[in-house]
Amino acid sequence: MLWIALAINAVMFLVELAAGLAAGSVALQADALDFLGDAGNYGVSLFVVGMALRFRARAALAKGATMGLFGLWIMGATLWHAIQGTLPNTATMGAVGAAALLANASVLKLLWPYRGGDSNMRSVWLCSRNDVLGNLAVLLAALGVFGTGTGWPDLAVAAVMGLLALRGAWVVVHQALTEMRQEHRLAIAVE
């Protein structure tokens, strides 16, 4: 399932990045970056899936840190677009947002049974959940930009996506650190 999720996310990263740049939509660009992060997330998860908890927790810690960096980048890009006064193309935002929603809903359905797993699998599920929420928000932003004739709905959605990335990063890092402490205590108890 992770291989399928990785492939979907890699393709959608390329599609959304190109569309986001062409449309001038920071929300689409933020979502594209999220697709890239998720593809990397799934790749790391595939690499560590059969390893001991300490290795999976370390991988989750690295993924959480990466999610946090993506969140910070999104917030910076949002500020830059606000200063520039960018007005995105709503037709592109809507069409690509709908395609991304379909892709992410498929991945979320595949990963639903693993939402309560260890920090590594939980990070995979959290990324997928955030993607579906982000895609719904991009569609709302497209409607908002169309209705208002301003770029502010796009910027607001991008800021929320950045905050979601930062929140997801905190959850994953916290759980990974907890698992690493548990593993350390078990190692000391065995000695």
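Higher on the page you've got the structure.
I would appreciate a short explanation of the nonpolar core in the present structure.
Looking at soluble globular proteins, one finds that nonpolar side chains tend to be buried together. Formed by 18 residues in total, the largest nonpolar core has its most connected members in L2, Y42 and L111. At the level of secondary structure, the elements contributing two or more residues to this core comprise α1 (2–23), α3 (53–84), α4 (90–111), α5 (119–148) and α6 (152–190). Ranked by residues supplied to this core, first place goes to α5 with six residues. In this view, L111 contacts L2, Y42, V124, W125 and S128; residues no more than four positions away in its chain are not counted. Membership of the second largest hydrophobic core comes to 15 residues, among which are A19, L33, I74 and V96.

Can you help me understand the packing of α1 against helix α2 (residues 26–48) in this one?
When two helices pack together, their arrangement is given by the angle between the helix axes and the distance between those axes. Where α1 meets α2, the axes come as close as 8 Å, and the angle between the chain directions of the two elements is 160 degrees. When the interaxial angle is binned, α1 and α2 end up roughly antiparallel. Seen along the crossing, α1 lies across α2 with a hand that is left-handed. Here the contact of α1 with α2 is composed, by residue class, of 18 nonpolar, five polar and three charged.

Rules used throughout
Residues numbered from 1 in each chain as written. Predicted model: local features only at pLDDT ≥ 70, side-chain atom pairs only at ≥ 80, totals over all residues. Heavy atoms only, no water. Core = buried A, V, L, I, M, F, W, Y, C linked by side-chain atoms within 4.5 Å. Buried < 20%, exposed > 50% of the residue type's maximum accessible area, 1.4 Å probe, protein only. Helix = DSSP H or I, 4+ residues; strand = E, 2+ residues; numbered from the N terminus. Contact = heavy atoms within 4.5 Å. Axes fitted to C-alpha atoms, helices over the stretch in contact; angles between N-to-C directions. Parallel < 35°, antiparallel > 145°, perpendicular 65-115°, else oblique. Left-handed = near helix turned anticlockwise from the far one by under 90°. Nonpolar A, V, L, I, M, F, W, Y, C, P; charged D, E, K, R; others polar.

Function-wise, these values are silent; they only describe arrangement.
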